[in-house]
Each structure stands twice: as C-alpha cells, then as structure tokens.
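Fold and geometry: a report
Given next are the chains, with one letter for each unit.
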Amino acid sequence: MAETGRLSPKQQNAIAALLIARDVRAAAKTAKIGERTLHRWLAEPSFQAALQAAERDALHLGVRRLTGAMQHAIDTLLVVMANKENAASTRVRAADVVLSRLMHLKELAELQARVTHLEEIVAAETNR
C-alpha cells in the first residue's frame, strides 16, 4: 500500500480488511475494530487516500495476473471454436467472444493513443 506511512497499524489492518470484506461491517469485524470507528476513518482524507492507493495496487495486481492467464484463455477459446465435435452454438459463442474482445481491445488502444496525443498537446501548450 502506497499511502500507509501516516496510518496506525489498526488503520492499515482496516484497509486490508476492506479490500477483502463484503461490506464495512465485515471489514470492521475482521480488523477487530468498531464499525463506527471504521466509518469515521472512511471520512478522513488520509484514510481515503490510503484506501484508494491500496485499491489501485490490488487492481494492478489483478491485471498482472489476468495478463499472465490471457494466452491460456485465448488458446482455450480457439480450441473450442475450432473443435468440430462441439455444438455449433458453442463454437459460435467462442468466436463471438474472441471477436468482441478483439474489437474492445482495439477501441481501448485507439482511445489510449488519442488520450496520449491530447496529453502531449496540453503539455506542449503548458510549456510555452
């Protein structure tokens, strides 16, 4: 967690609990603190910032793990799609998933390129 330097160990435990609990009550129980205390901490900017940093870190870890599994998932879809013994509906669904994900990734890549270009323009204008 990036922003934990100013937080107490109990607050750090609460953040860890919030990342895995189904709700604030369960997080408070896991962290062995009162629910009202956790709600109070959730209103504090430093706690909010640390929680957001922890959520970003967890999200990045998830993305890295999914990226590692991506090739296996693609291979699975391609095997299902190409296997003539599978029902036509199953093969069509696999093909649809492959194509729709491809289009989504293409759109995201184009959007990222546009945002990067706009950021470069803004940076150039700011440096004038």
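See above for the structure.
Quick caveat: nothing in here was measured; it's all calculated off a predicted structure.

Before going further, it helps to spend a moment on the environment of P45. For P45, the location among the structural elements is in helix α4 (residues 45–82). It is 17 Å that separates the C-alpha atoms of P45 and N13, two residues lying 32 residues apart in sequence.

Another aspect to go through is the packing of helix α1 (residues 9–20) against helix α2 (residues 24–31). Relative orientation of the contacting elements α1 and α2 amounts to 135°, with a least axis distance of 8 Å. By the angle between their axes, α1 is oblique relative to α2. As α1 runs across α2, the sense of the crossing is right-handed. In this structure, α1 contributes N13, A14, A17 and L18 to the contact, and α2 contributes V24, A27, T30 and A31. Residues of the contact of α1 with α2, tallied by class, amount to six nonpolar, two polar and no charged.

Right, let's talk about the pattern of salt bridges for a bit. Once their charged atoms are close, side chains differing in charge can pair, the charge on each being opposite to the other. With the rule as written, the count across this model stands at four salt bridges. As a salt-bridge pair, E35 and R25 come within 3.3 Å of each other at their nearest N and O atoms. Of this pair, E35 sits in helix α3 (residues 35–42) while R25 sits in helix α2, placing them ten residues apart in sequence. Between R93 and D96 there is a salt bridge whose closest N-O contact spans 3.2 Å. Of this pair, R93 and D96 both sit in helix α5 (residues 88–126), separated by three residues, roughly a single helical turn. On the basis of relative accessible area, D96 is assigned to the partly exposed category, the value being 40%.

This brings us to unusual backbone geometry. Positive phi, normally seen in glycine, also occurs at K32, with a value near 60°. Note that K32 resides in the loop between α2 and α3. Under the relative-accessibility criterion, K32 is labelled exposed at 72%.

The next thing to look at is the layout of surface pockets. Within this model, the largest pocket holds a volume of roughly 430 Å³. Lining the largest pocket are 13 residues, and of these M70, A73, I74, R101 and L105 sit closest to its centre. Among the elements that make up the lining of the largest pocket, the one with the highest residue count is α4 (seven residues). Of the residues in the lining of the largest pocket, the class split is ten nonpolar, two polar and one charged.

Turning next to a nonpolar patch on the surface. On the surface, L105, L108, L111 and V115 cluster together into a nonpolar patch covering about 340 Å² of accessible area. Examined against the element boundaries, V115 turns out to sit in helix α5. Classification of V115 as partly exposed rests on a relative accessible area of 34%.

With that settled, consider the packing of α2 against α3. Two elements in contact, α2 and α3, have axes separated by 9 Å at closest approach and are oriented at 110°. Judged by the angle between their axes, α2 and α3 are roughly perpendicular. Counting all contacts with α2, which are made through V24, R25, A27 and A28, the residues of α3 involved are E35, L38, H39 and L42. For the contact of α2 with α3, the per-class residue count stands at five nonpolar, one polar and two charged.

Quick notes on the rules
Residues numbered from 1 in each chain as written. Predicted model: local features only at pLDDT ≥ 70, side-chain atom pairs only at ≥ 80, totals over all residues. Heavy atoms only, no water. Helix = DSSP H or I, 4+ residues; strand = E, 2+ residues; numbered from the N terminus. Axes fitted to C-alpha atoms, helices over the stretch in contact; angles between N-to-C directions. Parallel < 35°, antiparallel > 145°, perpendicular 65-115°, else oblique. Left-handed = near helix turned anticlockwise from the far one by under 90°. Contact = heavy atoms within 4.5 Å. Nonpolar A, V, L, I, M, F, W, Y, C, P; charged D, E, K, R; others polar. Salt bridge = Lys/Arg side-chain N within 4 Å of Asp/Glu carboxyl O. Buried < 20%, exposed > 50% of the residue type's maximum accessible area, 1.4 Å probe, protein only. 1 Å grid on protein atoms, 1.4 Å probe; cavity = no way out; pocket = protein on both sides within 12 Å on 5 of 7 lines; lining within 4 Å. Points joined across faces, edges and corners; volume = space filled by probe spheres on them. Patch = residues over 30% accessible without salt bridge, like charges linked within 9 Å, V, L, I, M, F, W, Y side chains within 5 Å. Areas by Shrake-Rupley, 256 points an atom, 1.4 Å probe, with all protein chains shown as cover.

Nothing here speaks to function; it is geometry throughout.
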